[in-house]
Amino acid sequence: QVQLVESGGGLVQVGGSLRLSCAASGRTFSDYAMGWFRQAPGKDREFVGSITWSGGSTYYADSVKGRFTISKDNTKNTVSLQMNSLKPEDTAVYYCAAHRIGGSSWPYWGQGTQVTVSS
């Protein structure tokens with residue numbers, strides 16, 4: 001059973017940084033991609049970025065490109081989201097997700113962690 005557990009959320013001032021982590025367990029993820037999504041109050045969940053376990057290819061939403069970086073630690077089975085130059089519009093619940101490469105949906109999700117950027 002796949003489990004994804006996020007950590008690292010909190011309150012940060014505008015321009016600050018925060019690092020989120022996602023601990024993955026329950027299977028081998030070598031043929032999976034891991035993604036980060038976020039959902040702000042009253043808005044739809046949106047894609048933030050993703051990384052493939054095997055090759056480490058990354059993809060980012062335009063809204064975070066150049067500010068956010070996704071990385072992985074194969075030995076610890078964790079994926080991180082480094083967020084720099086945070087803006088109030090980055091305030092949201094951030095979710096970690098996983099899907100097998102080639103799949104069309106994200107079937108595995110974490111419980112989410114709150115990120116609040118205060119001005």
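Here the structure is shown first, and the text comes after it.
Residues numbered from 1 in each chain as written. Predicted model: local features only at pLDDT ≥ 70, side-chain atom pairs only at ≥ 80, totals over all residues. Heavy atoms only, no water.

Draft legend 1. View of the packing of aromatic side chains. Counting across every chain of the model gives seven aromatic pairs. A centroid spacing of 5.6 Å and a plane angle of 75° characterise the contact between phenylalanine 37 and phenylalanine 47, whose relative ring orientation is edge-to-face. Pair noted here: phenylalanine 37 is in strand E4 (residues 32-39) and phenylalanine 47 is in strand E5 (residues 46-52), with a separation of 10 residues, a long-range link. A network of ring pairs unites the aromatic residues Phe37, Phe47, Tyr95, Trp106 and Trp109 as a single cluster. (Phe/Tyr/Trp six-rings, centres within 6.5 Å; stacked < 30°, edge-to-face > 60°. Helix = DSSP H or I, 4+ residues; strand = E, 2+ residues; numbered from the N terminus.)

Draft legend 2. Summary view of the sheet that holds strand E7 (residues 68-73). Strands sit in the order E1-E3-E8-E7 across an open sheet of four strands; the sheet is antiparallel. This sheet does not close on itself; its edge strands, each paired only once, are strand E1 (3-7) and E7. Put simply, the sheet's adjacent strands are angled 20° from each other on average, direction ignored. Two strands pair when backbone bridges link them, and E7 and strand E8 (residues 78-83) are joined in this way by six bridges, in the antiparallel orientation. When the sheet's bridge partners are listed, lysine 72 is paired in E8 with valine 79. (Pairing = 2+ DSSP bridges. Axes fitted to C-alpha atoms, helices over the stretch in contact; angles between N-to-C directions.)

Draft legend 3. Looking closely at the environment of arginine 67. Structurally, arginine 67 is set in the loop between strand E6 (58-60) and E7. Classification of arginine 67 as buried rests on a relative accessible area of 11%. When the C-alpha atoms of arginine 67 and alanine 24 are compared, they prove to be 24 Å apart, with 43 residues separating the residues in sequence. Leave out the neighbours within four places in its chain, and arginine 67 touches Gln82, Met83, Asn84, Ser85, Leu86, Lys87 and Asp90. Among the polar contacts made by the side chain of arginine 67, one reaches the main-chain carbonyl oxygen of serine 63 at a distance of 2.9 Å. (Buried < 20%, exposed > 50% of the residue type's maximum accessible area, 1.4 Å probe, protein only. Contact = heavy atoms within 4.5 Å. Polar contact = N/O pair within 3.5 Å; in protein donor to acceptor, adjacent residues only side chain to side chain.)

Geometry only, nothing functional implied.
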